[in-house]
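What the coordinates show
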Amino acid sequence: MNIGIPRESRAGETRVAATPETIKKLAASGKHSIVVEAGAGVHSSIPDAEFQAAGARIGSPEDAFGADIVLKVRGPAAEELPRLKRGAMLIGLLNPFDAAAVQSYAGTGVSGYALEWLPRITRAQSMDVLSSQANIAGYKAVIIAAGTYGRFMPMLMTAAGTVKAARVLILGVGVAGLQAIATAKRLGAVIEASDVRPSVKDQVESLGAKWVDVPYENDEERKIAEGVGGYARPMPPEWMTRQADIIHERCKSVDILITTALIPGRPAPKLIKAETVATMKPGAVIVDLAVEQGGNVEGSELDKIVARNGVRIVGFGNLAARLPADASALYARNVLNFLALSLNAKTGEFAVPKDDEIIKATLVCENGAVVPRS
Ligand code: NAD
């Protein structure tokens, strides 16, 4: 088998789907040849020579895309599709919510596996790219906020007087939000956090943050808030209004606001209205992690810092790509673990277990057709 690792071509995409560590493991059986497109690791601080030393050959885009198994971070661009080989296995963040993109992958005849659809079961945790990358995004959001904020994060007692700790509010406490709490805590901030799912309260408190409660007023609200498969569902408008009122009040005393609220396959819920931003203190910083899904904050703009009455709203997309070396290291391990369902690294044997629930959940196209979502 040939395993190909193309260079990512999307603007701002710094990651790569394999590292020397994972290539060494893929090459261990001696049965597979691995080709990495020249320069694929450059933004992740991996020179071609390190891929070669691990057992890969450096090749052209045609070589990498033309392999039997193609490992990607993002789905291929339209002009890259003709390079794919019919029947090949394509693994990556294929954006399965974009029906046109999936249709275009199907048209190439590849078997496409979208890692966004990995089930959130214990066995899939080591493959869970959404978690590994959200963890990085949560960390980076706090680092960006601290770098943008014009004051200290920790409380300091100096000869020149006392400096107050920054007050941080985190909305949406999934993987990214939990890491944001942990990182802000290490920097000495005073933290509050909130989420729609009630199960998150204990996690927030165990990290030393205060839980901001938005009460449910009936069983229907409580049921919806529990979500499905670990993910949130859209809340009724009455609950959203109550949440907006509570958060509006909290925001008046907040120095840093980090929003991470997402609902799979839907626009991000709008949690912060322009009038709430208007009541925030001058110098406050907002980092909107949901900006690529439309944003949690009114006025946030993709890849921009917008100033509103002295409040800065940071809307950088793809935050994981701003920590490329570790993002690639973790992503590549996730991909290796996913591939291990089909490829035995020691013996080199390759057989896709079609009935495996992880394989079934992630397969988006095969034999020229889109696989319907069950
Ligand atoms: P996500 O990125 O889809 O969403 C981020 C957070 O936004 C979630 O906590 C969600 O509840 C919250 N949210 C959505 N709408 C909101 C609103 N209106 N107001 C406030 N918050 C809102 O979520 P995620 O980070 O992918 O993780 C979701 C859950 O899945 C987490 O509890 C995580 O621990 C769990 N998880 C489980 C496994 C596993 O068991 N294998 C793996 C990964 C994650």
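See the structure printed just above.
Reading guide: rules and limits
Residues numbered from 1 in each chain as written. Predicted model: local features only at pLDDT ≥ 70, side-chain atom pairs only at ≥ 80, totals over all residues. Heavy atoms only, no water. Axes fitted to C-alpha atoms, helices over the stretch in contact; angles between N-to-C directions. Helix = DSSP H or I, 4+ residues; strand = E, 2+ residues; numbered from the N terminus. Parallel < 35°, antiparallel > 145°, perpendicular 65-115°, else oblique. Left-handed = near helix turned anticlockwise from the far one by under 90°. Contact = heavy atoms within 4.5 Å. Nonpolar A, V, L, I, M, F, W, Y, C, P; charged D, E, K, R; others polar. Pairing = 2+ DSSP bridges. Expected span 1.5 Å × (residues − 1). Polar contact = N/O pair within 3.5 Å; in protein donor to acceptor, adjacent residues only side chain to side chain. Patch = residues over 30% accessible without salt bridge, like charges linked within 9 Å, V, L, I, M, F, W, Y side chains within 5 Å. Areas by Shrake-Rupley, 256 points an atom, 1.4 Å probe, with all protein chains shown as cover. Salt bridge = Lys/Arg side-chain N within 4 Å of Asp/Glu carboxyl O. Buried < 20%, exposed > 50% of the residue type's maximum accessible area, 1.4 Å probe, protein only. Near = heavy atom within 4 Å.

1. Notes on the packing of helix H5 (residues 129-148) against helix H11 (residues 324-339)
- Relative to each other, H5 and H11 sit at 165 degrees, their axes nearing to 9 Å. Between H5 and H11, the angle falls in the class roughly antiparallel. Once H5 is placed against H11, the crossing between them reads as right-handed. When H5 is examined against H11, the residues Val129, Ser132, Gln133 and Ile136 are found in contact with a partner set consisting of Asp326, Ala327, Leu330, Tyr331 and Asn334.
- Here the residues of the contact of H5 with H11 are counted per class, giving 5 nonpolar, 3 polar and 1 charged.

2. A few points about the packing of H5 against helix H6 (residues 175-186)
- At their nearest, the axes of H5 and H6 sit 7 Å apart, and the two run at 40 degrees to each other. Comparing their axes, H6 and H5 come out oblique. The interaxial crossing formed by H5 with H6 has right-handed handedness. Residues Ser131, Ala134, Asn135, Gly138, Tyr139, Val142 and Ile143 of H5 form the contact with H6, whose own contacting residues are Val175, Ala176, Gln179, Ala180, Thr183 and Ala184.
- Classifying every residue of the contact of H5 with H6 gives 8 nonpolar, 5 polar and no charged.

3. Here's the deal with the sheet that holds strand S10 (residues 190-194)
- The sheet built from 7 strands is open, its strands ordered S11-S10-S9-S12-S13-S15-S14 with mixed pairing. What marks the edges here is a single partner per strand, and that holds for strand S11 (210-211) and strand S14 (305-308).
- Where S10 lies against S11, 2 bridges are found, and the strand directions are parallel. Note that in S11 the partner of Ala193 across the bridge is Trp211.
- Running over the sheet, H5 touches strand S12 (256-259), strand S13 (285-288) and strand S15 (311-314) and is turned about 155 degrees from S13.
- Of the strands in this sheet, strand S9 (167-171), S10 and S12 touch helix H9 (residues 237-251), which is tilted by about 160 degrees from S9.

4. Section: H5
- Taking 1.5 Å as the rise per residue, H5 with 20 residues should run 28 Å; its terminal C-alpha atoms sit 28 Å apart, in good agreement.
- The distance from a side-chain oxygen at the start of H5 to the backbone nitrogen of Leu130 is 3.2 Å, and the residue carrying that oxygen is Asp128.

5. Looking at a nonpolar patch on the surface
- On the surface, Tyr139, Ile143 and Leu187 cluster together into a nonpolar patch covering about 210 Å² of accessible area.
- When you line up the elements, Leu187 lands in the loop between H6 and S10.
- With relative accessibility at 31%, the residue Leu187 sits in the partly exposed group.

6. Here we look at the site of the ligand
- Surrounding the ligand, one finds 23 residues, the nearest of these being Arg120, Val175, Asp195, Arg197 and Gln243.
- Residue Val175 places a main-chain N or O atom 2.7 Å away from an oxygen atom belonging to the ligand.
- Here Gly230 contributes a backbone N or O atom positioned 3.4 Å from an oxygen atom of the ligand.
- Computed on the free molecule, the ligand has an accessible area of 850 Å², of which 86% lies beneath the protein chains in the complex.
- A per-class count over the shell around the ligand returns 12 nonpolar, 7 polar and 4 charged.

All quantities given are derived from atomic positions and should not be read as evidence of function.
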